[in-house]
Amino acid sequence: VVVKDEVAAGIADVRNDATPTNWVACGYESPDTPVVVFYGSGASGVPEFRDMLKDDNVVYGMVRKIEQIDDSEAVKFCYIRWVGDNIPRMQRAKLPTHAGDMAQYFAPAHVTLDAPDLVEVNDDEIMKRIMIASGTYEHTLAVQPPRPSKQEQPRQLHQPATRPQAKAQTAPPVEDVVIFEDK
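These numbers were taken from a predicted model, which means no experiment stands behind them.

Attention now goes to the packing of aromatic side chains. Evaluation of the coordinates by the stated rule reveals 3 aromatic pairs. An angle of 70 degrees between the planes, with centres 5.9 Å apart, marks the rings of tyrosine 28 and tyrosine 60 as edge-to-face. Note that tyrosine 28 is positioned in strand β2 (residues 23-28) and tyrosine 60 in strand β4 (residues 58-69), a separation of 32 residues in sequence. Tyrosine 60 matches tyrosine 28 in its accessibility class, with the two residues each being buried. Between tyrosine 79 and phenylalanine 106, the aromatic rings sit 5.0 Å apart at their centres with planes inclined by 35 degrees, giving tilted as the arrangement.

Set out below in structure tokens:
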């Protein structure tokens, strides 16, 4: 892979907290060459980056996000690799050999999004991945009542099973009993 200098400059711009640039995109000069060129960058975030993704192109990019952790803001980076459904077969066959080289240009990144579908390239998905990686994402599925601790649970020894007892029936009092005799 041959990566043009403007790609490195675009990545450096996204990494610079003093600039408003929060995304960069690059891709192949043409489907039949391994030359990677700068496609664009901007300050409008993921929706603007997403406009670069087409069915007939391959895009390598980075998005800078801010994660609020308690009272501080942490800068996080997401490396994104997009492979359109309609790229030429020969180009698709060469992509695995380029993957490691391209990832190195964007390293380090907090998370990676290898996007098979355009709907996955959105702010919510990227922030979810960032929060999972940093341990701030809420993983609660449902609220369940707390279980008693082992100290609170009575210790049960193996006891034989007991059968339920039938309800006891009492005989009527003797004075209410009338005895008939056969004659």
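Once that is clear, we can look at a negative patch on the surface. A contiguous patch of negative charge, built from Asp55, Asp56, Asp85 and Asp117, is present on the exposed surface. On the secondary structure map, aspartate 56 appears in the loop between α2 (46-50) and β4.

In terms of burial, β4 is a largely internal element, 9 of the 12 residues being buried. As judged from the 5 bridges shared by β2 and β4, these two strands associate in the antiparallel manner. Looking at the pairing, valine 24 lines up with methionine 62 of β4. Here β4 pairs with strand β5 (residues 72-83) via 12 bridges, running antiparallel. Opposite arginine 64, over in β5, you have phenylalanine 77 as the bridge partner.

Looking now at helix α1 (residues 5-15). Here α1 has its buried residues at Val7, Gly10, Ile11 and Val14. The arc that holds every buried residue of α1, seen down its axis, measures 95 degrees, which confines them to one face. Residues of α1 that are buried sit in contact with β1 (2-3), β2, β3 (35-42), β4, β5 and α3 (89-106).

Position of asparagine 57 relative to the elements: it lies in the loop between α2 and β4. Looking at asparagine 57, its side chain comes within polar contact range of the main-chain nitrogen of lysine 54, at 3.0 Å. Ignoring any residue separated from it by four or fewer positions in sequence, one finds asparagine 57 in contact with Tyr39, Met52, Trp82, Val83, Gly84 and Ile87.

The rules behind these values
- Residues numbered from 1 in each chain as written.
- Predicted model: local features only at pLDDT ≥ 70, side-chain atom pairs only at ≥ 80, totals over all residues.
- Heavy atoms only, no water.
- Phe/Tyr/Trp six-rings, centres within 6.5 Å; stacked < 30°, edge-to-face > 60°.
- Helix = DSSP H or I, 4+ residues; strand = E, 2+ residues; numbered from the N terminus.
- Buried < 20%, exposed > 50% of the residue type's maximum accessible area, 1.4 Å probe, protein only.
- Patch = residues over 30% accessible without salt bridge, like charges linked within 9 Å, V, L, I, M, F, W, Y side chains within 5 Å.
- Areas by Shrake-Rupley, 256 points an atom, 1.4 Å probe, with all protein chains shown as cover.
- Salt bridge = Lys/Arg side-chain N within 4 Å of Asp/Glu carboxyl O.
- Lys, Arg positive; Asp, Glu negative; His and termini not counted.
- Charge placed at Lys NZ, Arg CZ, Asp CG, Glu CD.
- Pairing = 2+ DSSP bridges.
- Arc of directions from axis to C-beta.
- Contact = heavy atoms within 4.5 Å.
- Polar contact = N/O pair within 3.5 Å; in protein donor to acceptor, adjacent residues only side chain to side chain.

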